[in-house]
Amino acid sequence: MICSSISEMIGFTCHALSDDGSVAMIDTPFTFPDGDDVPVFVEKIAGMVRFFDDGGAILHLLGRGISLDDQRKTKFIRNLSEPNGVSLNSMGELEIWSKKEDARDAFAKYISTMLALSSWEMDQDGAATDTSILLDEVAMYLRAWKSGAVVKEGEEYVGVSGHVYRMDFQFDGGTVLAIGTHPASVSATAKKLLDIRAATANDGLKILVVIDDRHDATTARREGLILDSVCNVMMMTRLQDAASVGPTSH
């Protein structure tokens, strides 16, 4: 019967990595755009289950020439992973923890994150990937726009789901995110802001999202409409004008 061989047919196999079987590697049919396997590891600790990549996603992206040597440059990874409840830990691992009975849902969220990362990589082919440049520019224009306002590193906010999200900047009594026009980035930002807005502790929080519209103004305006109901949206070109700085190439 097909059920007896379905695992082999679709490419799902499990390999124990520890003598007691508490740590394992799961082979899946999922790959990154260059053909590298999507890393999936699982371990069981004190009744909890952790799905993680053992740092594989970071290593893969570094191998593709993407600079990830500070928190700003890994922002896009957090944007893609956090809405799924997946975290980028201090060891550079993508991980999600769950109770044993919730492992199925956690696995689905982990795979969704990895596929979103793969999709992001595919869509970024030939495009600028250094998000730290955009963040540096936004910080500069914010300071020039309101010279008396302090621009500092963004704080963390807890959503109604319990997930913790770090924003890019604190500015003028509120918080700021800077994003491009990639649909995955916009979708992740929308989920993040909806979660933050739903928490009563964040009532009255001023949120400004700056969208870089310099390469595709039409797409930027369309994606801005998606976010307009949960935050204030400002196009990068408008921010440049407000700061009395002429448009520059990203």
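Look a little higher up for the structure.
Residues numbered from 1 in each chain as written. Predicted model: local features only at pLDDT ≥ 70, side-chain atom pairs only at ≥ 80, totals over all residues. Heavy atoms only, no water.

### With respect to the overall build of the chain
In terms of regular secondary structure, the chain is built from eight helices and 13 strands. What you see for the chain is a C-alpha radius of gyration of 20 Å, in line with the 18 Å of a compact globule of 250 residues. Counting only C-alpha atoms and orienting by the principal axes, one finds that the chain spans roughly 70 × 40 × 30 Å. The proportion of buried residues among the 250 residues of the chain is 46%. (Helix = DSSP H or I, 4+ residues; strand = E, 2+ residues; numbered from the N terminus. Rg over C-alpha atoms; globule rule 2.2 N^0.38 Å. Buried < 20%, exposed > 50% of the residue type's maximum accessible area, 1.4 Å probe, protein only.)

### Brief notes about the side chain of T74
Within the element layout of this structure, T74 appears in the loop between α2 (56-63) and α3 (75-81). Judged by relative accessible area, T74 falls into the buried class, the value being 8%. If near-sequence neighbours (up to four positions away) are discounted, T74 is found in contact with L68 and L88. (Contact = heavy atoms within 4.5 Å.)

### So, the packing of helix α6 (residues 183-198) against helix α7 (residues 217-227)
Packing of α6 against α7 brings their axes to within 10 Å, and their N-to-C directions diverge by 15°. On the basis of the axis angle, α6 is roughly parallel to α7. At the point where α6 passes α7, the crossing takes the right-handed sense. Within the contact between the two elements, α6 uses P183, V186, T189 and A190 and α7 uses E223, I226 and L227. Classifying every residue of the contact of α6 with α7 by side-chain character gives five nonpolar, one polar and one charged. (Axes fitted to C-alpha atoms, helices over the stretch in contact; angles between N-to-C directions. Parallel < 35°, antiparallel > 145°, perpendicular 65-115°, else oblique. Left-handed = near helix turned anticlockwise from the far one by under 90°. Nonpolar A, V, L, I, M, F, W, Y, C, P; charged D, E, K, R; others polar.)

### Some details on the nonpolar core
Core analysis: the largest hydrophobic core is formed by 27 residues, its most contacted members being F51, F76, I77 and L117. Looking at this core, the elements with two or more residues in it are β2 (23-27), β4 (48-52), α2, α3, β6 (94-99) and α4 (103-123). Among the elements that take part in this core, α4 stands out by supplying seven residues, more than any other. With residues up to four places along the chain from it excluded, the contact list for F51 reads I26, F41, V42, L94, E95, I96, A103, A106, F107 and Y110. (Core = buried A, V, L, I, M, F, W, Y, C linked by side-chain atoms within 4.5 Å.)

### Side note on the packing of aromatic side chains
Under the criterion given, the structure shown has five aromatic pairs. Judged by centre distance (4.0 Å) and plane angle (15°), the ring pair of F76 and W120 falls under stacked. Residue F76 is located in helix α3, and its partner W120 is located in helix α4; the two are separated by 44 residues in the primary sequence. The exposure classification of F76 matches that of W120, with both residues buried. (Phe/Tyr/Trp six-rings, centres within 6.5 Å; stacked < 30°, edge-to-face > 60°.)

### Focus: the environment of T237
Here T237 lies in helix α8 (residues 236-242). Along the backbone, T237 and R214 are 23 residues apart, and their C-alpha atoms lie at a distance of 6.6 Å. Not counting residues within four places of it along the chain, the set of residues in contact with T237 comprises D213 and R214. In terms of polar contacts, T237 uses its side chain to reach the side chain of D213, at 2.7 Å. (Polar contact = N/O pair within 3.5 Å; in protein donor to acceptor, adjacent residues only side chain to side chain.)

### Quick word on the pairing of strand β3 (residues 41-45)
The pairing of β2 with β3 spans three bridges and is classified as antiparallel. Residue pairing across strands places A24 opposite V42, the latter belonging to β3. What sits between β3 and β4 in their antiparallel hairpin is a turn of two residues, with A46 showing a positive phi close to 50°. (Pairing = 2+ DSSP bridges.)

### Overview of a nonpolar patch on the surface
Together, I2, I6, M9 and I10 give the surface a local cluster of nonpolar side chains, amounting to about 380 Å² of exposed area. By relative accessible area, I2 is classed as exposed at 53%. (Patch = residues over 30% accessible without salt bridge, like charges linked within 9 Å, V, L, I, M, F, W, Y side chains within 5 Å. Areas by Shrake-Rupley, 256 points an atom, 1.4 Å probe, with all protein chains shown as cover. Salt bridge = Lys/Arg side-chain N within 4 Å of Asp/Glu carboxyl O.)

### Some points on the sheet that holds strand β12 (residues 207-211)
Reading across from one edge, β7-β10-β11-β12-β13 is the order of the five strands in this open sheet, with mixed pairing throughout. What marks the edges here is a single partner per strand, and that holds for β7 (151-153) and β13 (232-235). Mean inter-strand twist for the sheet, computed between neighbouring axes without regard to direction, equals 30°. Summarising the sheet, strand β10 (residues 169-171) and strand β11 (residues 174-179) pair through three bridges and their orientation is antiparallel. From the neighbouring strand, F171 faces β11, where its bridge partner is G174. Together, β11 and β12 form the strand contacts of α6, whose direction differs from that of β11 by roughly 165°.

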